[in-house]
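Letter by letter, the chains look like this.
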Protein chains: 2
Amino acid sequence: MSKRNKSKYAMLGMLSLKPMSGYDIKKNIERGIGSFWNESFSQIYPILRQLTNEGLATVSIEEQIGKPNRNVYSITEQGRAELKEWLDEPIIGQYPMRIELLLKLFFAHNVSPNVMITHVESFQTQMADTLMEYKEVEASLLKKLDSKKESIHYQYMTLKFGIYFCDATLKWCDQVIDDLKKLA
Amino acid sequence: MSKRNKSKYAMLGMLSLKPMSGYDIKKNIERGIGSFWNESFSQIYPILRQLTNEGLATVSIEEQIGKPNRNVYSITEQGRAELKEWLDEPIIGQYPMRIELLLKLFFAHNVSPNVMITHVESFQTQMADTLMEYKEVEASLLKKLDSKKESIHYQYMTLKFGIYFCDATLKWCDQVIDDLKKLA
DNA sequence: GAGAACATGTAAGCGGTTACATGATTAT
DNA sequence: ATAATCATGTAACCGCTTACATGTTCTC
């Protein structure tokens, strides 16, 4: 009944794309699903070891010259089965969002409107940067959409979420800055 | 340097609106900022006590007939000062988002598209419900906008974020369901 | 009669971040 | 030279959720 650890499924999902090391997984999470998911090394490495103990993944050590060895993990049939089981499950409950900017804005009557204008503007530039990154990824994904890999389509759908979110947020920022200026 | 506990400021912020009990704060958080912030009783009560120990709030016990006593907290000048300090600070770093639906969608090549159609559709109806609630709150806020309380304006701005977010998400759901049907 | 709302709290445990530890290679 | 990338891990700590504990009144 308690909140299950979803990091495990994030690992299995990543390994379902291709065999990877812990380091690879970190990078792929950042570049691929960083807008709505994050994992740190201190979670990744122990979970990966746990997966092998449970027979959901196997390891092979790749020796490299001049670099540390890579522990490359591959998903097993059993791992795939467990991943599918999780994918089938309906999603219950809410994702917790804690957006500090909005918390401050809600209590902004305690300070001058200019304070919040500054905060919202820097939030806005951050968002604009993020959107540009997404657009670049989009361009590279669009080239691959014809390929036989259906996973590309799913990657594109999640990316679109990020783009929709940024767009909406940027429009909101414009409006809020306008409103704040009227109060100032 | 470590991640500071922002729950404290959520409490101070709530008390900056009016004196409240822990129970009141919980309700006000749910109804007012629930779309981007949450607190549980096991955080609220200890923090409230801590605030009084630090001189940031005072308590008064209201006796009631047939109901448990209410411990009503009021913010002190010192509390207001600390709240303002926090409001002034620039917001550093990212808010962690963990949206399970998107995690599943990213790995959806492992299951039939119909599985994700089901998930996205129930996500969509949830969002639509949320949006309706927001619209109701919006209607009641619009009536109060003329009032002398400037805090209403800030409440409206944060509510607008929720509305923008829901709108964008609903449009995204429409598109994704279309795309998924083409894959099925 | 069941369940929600009112009202306050504690204890245990997991989830997750931050800091620590190590060290070579490559790019600026 | 300095920083970044590659690469794997551990330990400590904090934040937060879940479960537990208690009891009345009001609503369906």
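As the structure is a prediction and not an experimental result, all values here were calculated from the model.

**Focus: the environment of Asn114 of chain B**
All names here are of chain B. Among the secondary structure elements, Asn114 is positioned in helix 6 (residues 113-144). Residue Asn114 is classed as partly exposed on the basis of its relative accessible area of 44%. Taking the C-alpha atoms as reference, Asn114 lies 7.6 Å from Leu180; in sequence the two are 66 residues apart.

**Brief notes about the protein's contact with DNA strand D**
DNA strand D sits among 25 residues. The nearest are Gln64, Asn71 and Arg98 of chain A together with Asn38 and Ser42 of chain B. Among all atoms of DNA strand D positioned within 4 Å of the protein, those belonging to sugar or phosphate total 69%. Take Tyr23 of chain A: an N or O atom from its main chain is 3.0 Å from a phosphate oxygen of DNA strand D. Separating a phosphate oxygen of DNA strand D from a side-chain N or O atom of Gln43 of chain B is a distance of 3.2 Å. Put simply, the parts of the chain that give the surface near DNA strand D at least two residues each are helix 2 (22-33), helix 3 (41-53) and strand 2 (70-75) of chain A together with helix 3 (41-53) of chain B. Of the residues forming the surface near DNA strand D, the biggest block, four residues, is contributed by helix 3 of chain A. A per-class count over the surface near DNA strand D returns six nonpolar, 13 polar and six charged.

**Things to note about helix 4 (residues 77-88) of chain B**
In this model helix 4 of chain B runs 17 Å from its N-terminal to its C-terminal C-alpha over 12 residues, within 8% of the 16 Å that 1.5 Å per residue would give. Residues Gly79, Leu83, Trp86 and Leu87 of chain B constitute the buried set of helix 4 of chain B. Here the buried residues of helix 4 of chain B occupy an arc of 100° about the axis, which is enough to place them on one side. Facing away from the buried surface of helix 4 of chain B by more than 90 degrees, the exposed residues are Glu77 and Glu85 of chain B. Structurally, helix 4 of chain B contributes buried residues whose contacts are with helix 5 (100-106) and helix 6 (113-144) of chain A together with helix 1 (7-17) and strand 2 (70-75) of chain B.

About the criteria used
- Residues numbered from 1 in each chain as written.
- Chains lettered and ligands numbered in written order.
- Predicted model: local features only at pLDDT ≥ 70, side-chain atom pairs only at ≥ 80, totals over all residues.
- Heavy atoms only, no water.
- Helix = DSSP H or I, 4+ residues; strand = E, 2+ residues; numbered from the N terminus.
- Buried < 20%, exposed > 50% of the residue type's maximum accessible area, 1.4 Å probe, protein only.
- Near = heavy atom within 4 Å.
- Polar contact = N/O pair within 3.5 Å; in protein donor to acceptor, adjacent residues only side chain to side chain.
- Nonpolar A, V, L, I, M, F, W, Y, C, P; charged D, E, K, R; others polar.
- Expected span 1.5 Å × (residues − 1).
- Arc of directions from axis to C-beta.
- Contact = heavy atoms within 4.5 Å.

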